[in-house]
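Now for the letters of each chain:
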Amino acid sequence: MQRTLPILALVVGIASPALGIAQDTLENDRVLYFAVGWSVNKPVPQNVLQLGVLFRCDVDWCMEYEEFPAKDNLPRSPLPYRHEMDAPYGKDRCINELITTIHGVVHRDVSAQVIGEGRGFTLRAGNYEYTWERDTAPARGFVLVSARETGSDGVFGQPVGFAYESEDQRGRQIRPIDLSGYFDGQIAHKDMLMGAMDDWSQKQSSIDFRKFRLSSTQPVMGWDIPALPDVVSKYKKPMMWVHHSVLTPQANSGRLNYILHEYGHDFNANGCFDEFGHNKLLLPIRAGDLMSAFVYIEYNPDPRDGIPMISVGRYFRKP
């Protein structure tokens with residue numbers, strides 16, 4: 001079960017106007033990881049995604065976050081690791097592609113204020129203000145209620161987000177065994193056919209890391225499953241599988257160290273993952289030796305209309 005977290009003491013007090021921050025402190029080895037998204041109309045309609053971490057810096061609060069503007073249709077960047085698809089067909093004359101990721105704009109050492117109010121807290125950092133409420137559902141953590149630019153009366157449209165308190169990950173290697181387990185989840189999603197201002201499609205999701213196999217030559221975990229029959233029929237292939245790759249962070253010097261998950265269909269049915277898939281970046285929530293949850297964003301560029309497919313989600317161990 002998710003443990004009672006020190007930040008819960010933080011959100012019941014009101015910040016001193018002189019300090020501008022909550023009076024209660026978050027333990028030095030505790031941070032708050034979050035994933036958020038929203039829509040804006042100006043200067044052009046678009047969605048914005050963020051992954052970030054709130055932490056203590058001396059007696060104050062600081063935040064580091066990476067922002068992924070959808071209007072930029074950010075490109076994928078290849079990494080020095082390769083997918084290892086293992087399908088029961090093809091692969092005689094094909095080569096698996098390199099694993100890729102998405103890079104946004106990172107903002108470091110942003111001064112932050114945390115103000116406790118009612119069931120949650122307001123976080124002010126840099127250009128943004130976020131309002132969070134404690135989640136009373138079994139998933140626990142916090143959910144984003146609203147977001148806006150600092151000092152603005154207008155709020156962003158379609159806010160969605162999840163946050164959890166965690167032990168600090170800095171200086172700790174995330175091993176594949178740390179991920180072992182089944183996780184329920186929720187995802188807010190906009191697919192390739194949706195416009196920037198369309199409502200999120202929200203649904204349940206899950207991931208079972210116990211089904212992934214560890215590569216013998218690189219720090220990559222893989223999982224292959226048959227595609228759904230209607231997908232195979234649509235593409236008129238005798239057989240088609242879906243491949244998943246998970247890459248744990250290999251450098252752990254900063255605060256935003258993502259677990260990367262790239263997955264997709266073998267549309268050309270050649271037995272290799274040589275087509276681009278879906279790119280997810282996950283921030284792990286640690287409780288002792290276990291990962292208790294993950295918050296993540298998904299960002300997949302679309303060269304056809306310039307509007308990427310995006311998601312904001314979380315996974316959590318069932319109590």
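Now for a description of the structure that goes with this document. Position labels on residues start from 1 in each chain and follow its written sequence. Given that this is a predicted model, residues contribute local features only at a pLDDT of at least 70 and side-chain atom pairs are listed and counted only at 80 or more, while totals for whole chains, interfaces and linings are drawn from all residues. Side-chain figures throughout are based on the complete set of non-hydrogen atoms in the structure, without hydrogens or water.

1. Here we look at the environment of Ile285
Link 1 in the chain: Each helix is a run of DSSP H or I of at least 4 residues and each strand a run of E of at least 2, with the numbering of both proceeding from the N terminus. Looking at the element boundaries, Ile285 is found in strand β17 (residues 278-287).
Link 2 in the chain: With 116 residues separating them in the primary sequence, Ile285 and Gln169 have C-alpha atoms 8.5 Å apart.
Link 3 in the chain: Residues within four places of Ile285 in sequence aside, it is in contact with Tyr33, Tyr164, Glu165, Ser166, Gln169, Leu290, Met291, Ser292, Ala293 and Phe294. Note on contacts: a residue pair is in contact if any heavy atoms of the two residues lie within 4.5 Å.

2. Overview of the layout of surface pockets
Link 1 in the chain: Considered as a void within the structure, the largest pocket measures approximately 1300 Å³ in volume.
Link 2 in the chain: Residues are called lining when one of their atoms sits within 4 Å of a cavity or pocket point, these points coming from a 1 Å grid over the protein atoms alone, where a cavity is a set in which a 1.4 Å probe fits but cannot get out and a pocket is an open set with protein on both sides within 12 Å along at least five of seven lines. If you go around the largest pocket, you meet 41 residues; those closest to its centre are Tyr263, His265, His278, Glu298 and Met309.
Link 3 in the chain: Residues of the lining of the largest pocket, tallied by class, amount to 22 nonpolar, 10 polar and 9 charged.
Link 4 in the chain: Reported here for the second largest pocket is a volume of approximately 470 Å³.
Link 5 in the chain: As for the second largest pocket, its lining consists of 23 residues, of which His103, Ala251, Leu256, Asn257 and Tyr258 are closest to the centre.
Link 6 in the chain: At the level of elements, β3 (60-69), β4 (76-82), β5 (98-102) and β6 (105-117) are the ones that each hand at least two residues to the lining of the second largest pocket.
Link 7 in the chain: Looking at the lining of the second largest pocket residue by residue, the classes come out as 11 nonpolar, 8 polar and 4 charged. Grid points are joined across faces, edges and corners, and a volume is the space filled by probe spheres set on the points. Here the term charged refers only to Asp, Glu, Lys and Arg, the term nonpolar to Ala, Val, Leu, Ile, Met, Phe, Trp, Tyr, Cys and Pro, and the term polar to all other amino acids, Gly among them.

3. Remarks on the sheet that holds β17
Hydrogen bonds along the backbone pair up the strands of a sheet, which may run parallel or antiparallel.
Link 1 in the chain: Two strands are counted as paired when DSSP detects at least two bridges linking them. With antiparallel pairing, 9 strands are arranged side by side in an open sheet as β12-β11-β19-β18-β17-β16-β15-β14-β13. Whereas interior strands pair on both sides, the edge strands pair on one side only; in this sheet they are β12 (201-208) and β13 (213-214).
Link 2 in the chain: Across 8 bridges, β17 lies against strand β18 (residues 290-300) in antiparallel orientation. Of the residues in β18, the one forming a bridge with Pro284 is Phe294.

4. Concerning empty space enclosed by the protein
Link 1 in the chain: As enumerated under the stated definition, the model contains 1 cavity of 30 Å³ or more in all.
Link 2 in the chain: Quantified by volume, the largest cavity comes out at close to 40 Å³.
Link 3 in the chain: Within the residue set of the lining of the largest cavity, elements represented by two or more residues are β14 (220-226) and β15 (241-247).
Link 4 in the chain: In terms of residue count, β14 provides more of the lining of the largest cavity than any other element does, 3 residues in total.

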